[in-house]
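Next come the chains, spelled out residue by residue.
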Amino acid sequence: MDTCFSHSTKTNLVKKIAVVSEEMTSQIRLRLLPSARCLFDEPVQVKVTGLRSRQVVTMKARSTDEKGMVFSSSATYRADGSGEVDLERDPSLSGSYVGVEPMGLLWSMRADTLLKRFQKNRSLNPHVVKFSVHEVEGEGSVLAEATNERLLIGDGVTRLPIKEGNIRGVLFTPPEDDLNWDSKAYMDQMVERLKHHGKENFESVCYPGAGHYLEPPYGPYCCSSFHGVVVKPAMWGAQIPRSS
């Protein structure tokens, strides 16, 4: 026995299905905690709620650098019994990385072109990363999205362009004393001087395995790029994710 519908009945049925689909999707939330706006070197907790129990989804991150180069990453996750995914707790099953990596979607972002590193020189503009969660089945439709603005300058930092003779640059001054040293050599000299004067109330921090190109934390990891001095591709030798 055949079942027939009039054109108006079909139209109403399609509308009802679309409304139900939108309602289900609107219940899914992608959250960036504690805030979607943070400093460049601060971690964020990525959580998804409102999924089906044990639903498998694909998490994606995407960002464009100042040269117009697109960097992206993706990872597959399985929700818990409550329909939640928490990147601080849950392991990636496959994708750009595997295992529990709370900031994996950021440091694993790659460009489609080889030997490209993320270019970010305009300190007044935040590093914008778009997170999204997608269905694994079918066309991989978007279930939820969120945008993370990662600021390169903290509150109270002043920025002064320098143009003196052949010198061109920018001086950044923090609201309190600047305790950063330019390299490990300077740090070693300071440690020796402190020890010479009998000081013990200090701590020195190193990053073994970070390679020759120390990048800001939680940014796209660059394993190789074109070296402007030697005019050749260079391998930076870092161990993921120690460089980020």
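Structure first, text after, so check above.
Please read all numbers here as calculations on a predicted model, not as lab measurements.

Cut-offs applied
- Residues numbered from 1 in each chain as written.
- Predicted model: local features only at pLDDT ≥ 70, side-chain atom pairs only at ≥ 80, totals over all residues.
- Heavy atoms only, no water.
- Pairing = 2+ DSSP bridges.
- Helix = DSSP H or I, 4+ residues; strand = E, 2+ residues; numbered from the N terminus.
- Phe/Tyr/Trp six-rings, centres within 6.5 Å; stacked < 30°, edge-to-face > 60°.
- Buried < 20%, exposed > 50% of the residue type's maximum accessible area, 1.4 Å probe, protein only.

A. Representation of the sheet that holds strand β1 (residues 29-33) in the model. Pairing is antiparallel across the open sheet formed by three strands, whose spatial order is β1-β3-β6. Looking at the sheet topology across the chains shown, the edges are occupied by β1 and β6 (85-86). The pairing of strand β3 (residues 45-49) with β6 spans two bridges and is classified as antiparallel. Considered in β6, the bridge of Val 48 is made with Val 85.

B. Region of interest: the packing of aromatic side chains. Taken as a whole, this structure holds two aromatic pairs when the rule is applied. Centre to centre, the rings of Phe 71 and Phe 118 are 5.2 Å apart; their planes meet at 70°, and the pair counts as edge-to-face. Of this pair, Phe 71 sits in strand β5 (residues 70-78) while Phe 118 is found in the loop between β8 (110-111) and β9 (127-135), placing the two residues 47 residues apart along the sequence. Exposure class is identical for Phe 71 and Phe 118. Each is buried. Ring centres 5.9 Å apart and planes at 45° place the aromatic pair Tyr 97 and Trp 107 in the tilted group. One end of the pair, Tyr 97, is in the loop between β7 (94-95) and α2 (104-107); the other, Trp 107, is in helix α2, with ten residues separating them in the sequence.

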